[in-house]
Amino acid sequence: MNKAAFIKIGFLLTVLLSGSKALAQEQIDDECIRKIDPYYVYFTAFQPEPGAMVQRFCQKLPTVGRVITTVDYEEQALRDMKTEIRIIQVESWSDAFDEAKDAQAKTVVHVPAKTYPQGALTVEHTFTEPGYFVEVLNLESQGQVRHVLRFPFQVGAGGISWVTVAITLVFFMLVGAIVYYFSAQRREIT
C-alpha cells in the first residue's frame, strides 16, 4: 500500500468520525431542549473524569459519581425570572416523566429560587448510586411560579460512548492497514 492510500484512508476516517459526532450531537440536542414560548432552554450534563475527554450527556449518564448539570437561558426575559432548582430521585424511568410522582420523590439537591443574570444555572452533585432523576426548574415571575421545566436523566446507565466506538474502529482499521501493507511487501519480495 502506498503513501497516497494511507492518506486517503486517514481522510476517510476523519470524515466518518466527524459525521458520527455531528449525528450524535443532533440527537443529544433534541433531548436536551425545552421550549417556553418563544424561548428555548438548554440542558447538559457532564461527568468530568481526570485525564478523560469531557463528554456531554442528556438523559443517559453512563456511571455514578460526580455530575455537573448546566441549564442555559439565552434570553434576558428568562434570566430576569427567579428559578428554583431541585434534583429529585424517582423510582423508574416512566416516573421521571410523570409530574404526579414528584411529591413522593426524594429531593437530592435543592437550590433556592434566585435570578441568573448570566443565564447559566450550574449544579454539581456526586451520585453514589445508580437511579432515575429529574432536574426540576420552577421559574417565578412576580412571586408566582409561571413555568415548570423537567429534565429527566438516568445515572449509571452504562453503555458505550461514541468516542469509545470511534477509537476502537480507528485502531482496528489501522491494524488492518498495517497488516495489509506488510503482507503486500512480503508478496513483492517473493
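Quick note: structure is the one above.
Residues numbered from 1 in each chain as written. Predicted model: local features only at pLDDT ≥ 70, side-chain atom pairs only at ≥ 80, totals over all residues. Heavy atoms only, no water.

1. Focus on the pairing of strand E5 (residues 65–73)
Among the 9 residues of E5, 7 are classified as buried, and the element is accordingly described as predominantly covered. Of the pairings in the sheet, the one linking strand E2 (residues 39–46) to E5 comprises 6 bridges and is antiparallel in character. Among the inter-strand pairings, Phe43 is bridged to a residue of E5, identified as Val71. Note that E5 and strand E8 (residues 120–127) share 8 bridges and pair antiparallel. (Buried < 20%, exposed > 50% of the residue type's maximum accessible area, 1.4 Å probe, protein only. Helix = DSSP H or I, 4+ residues; strand = E, 2+ residues; numbered from the N terminus. Pairing = 2+ DSSP bridges.)

2. Description of the pattern of salt bridges
If the charged atoms of two oppositely charged side chains come close together, the side chains can form a pair. According to the stated counting rule, one finds 2 salt bridges in the structure shown. Measuring nitrogen to oxygen at the nearest pair gives 2.6 Å for the salt bridge that ties Glu124 to Arg66. Residue Glu124 is located in strand E8, and its partner Arg66 is located in strand E5; the two are separated by 58 residues in the primary sequence. For the salt bridge of Arg150 with Asp102, the shortest nitrogen-to-oxygen distance reads 2.5 Å. Here Asp102 lies in the loop between strand E6 (82–90) and strand E7 (106–114) and Arg150 lies in strand E10 (residues 144–155), a separation of 48 residues in the sequence. You'll find Arg150 and Asp102 in the same group, each marked buried. (Salt bridge = Lys/Arg side-chain N within 4 Å of Asp/Glu carboxyl O.)

3. So, the sheet that holds strand E4 (residues 60–61)
Within a sheet, neighbouring strands are paired by backbone hydrogen bonds and run either parallel or antiparallel to one another. What the 5 strands build is an open sheet, ordered E4-E10-E9-E6-E7; its pairing is mixed. Each edge of the open sheet is held by one strand with a lone partner, namely E4 and E7. Sheet topology places strand E9 (residues 131–141) next to E10; 11 bridges connect them, and they run antiparallel. In the strand pairing of E10, Glu135 is matched with Phe151.

4. Re the side chain of Thr44
Note that Thr44 resides in strand E2. Thr44 gets classed as buried once you look at its relative accessible area, which sits at 8%.

5. Focus on the packing of aromatic side chains
Taken as a whole and assessed by the stated rule, the structure comprises 7 aromatic pairs. Here Phe43 and Phe151 contribute two aromatic rings whose centre-to-centre distance is 4.8 Å and whose plane-to-plane angle is 15°, an arrangement assigned as stacked. With Phe43 in strand E2 and Phe151 in strand E10, the pair connects residues that are 108 residues apart, well separated along the chain. With respect to burial, Phe43 and Phe151 carry one shared label: buried. Look at Trp93 and Phe97: their rings are 5.1 Å apart centre to centre, the planes differ by 85°, and that puts the pair in the edge-to-face class. Against the face of Trp93 rests Lys60, its NZ or CZ located 4.5 Å from the ring centre. (Phe/Tyr/Trp six-rings, centres within 6.5 Å; stacked < 30°, edge-to-face > 60°. Lys NZ or Arg CZ within 6 Å of the ring centre and 35° of its normal.)

6. A word on the state of the cysteines
Following the criterion strictly, the structure yields 1 disulfide and no others. Shown here is the disulfide that connects Cys32 with Cys58, its sulfur atoms set 2.3 Å apart. With Cys32 in helix H1 (residues 3–32) and Cys58 in the loop between strand E3 (56–57) and E4, this residue pair connects regions lying 26 residues apart in the sequence. A relative accessible area of 1% means that Cys32 is categorised as buried. (Disulfide = S-S within 2.5 Å.)

7. Overview of the pairing of E2
Note that strand E1 (residues 33–36) and E2 share 4 bridges and pair antiparallel. The residue of E2 that forms the bridge with Ile33 is Tyr42. Hairpin connection between E1 and E2: a loop of 2 residues separates the two successive antiparallel strands. As defined by bridge partners, E2 adjoins E3 across 2 bridges and the pair is classed as antiparallel. Bridged to Phe46 within E3 is Arg56.

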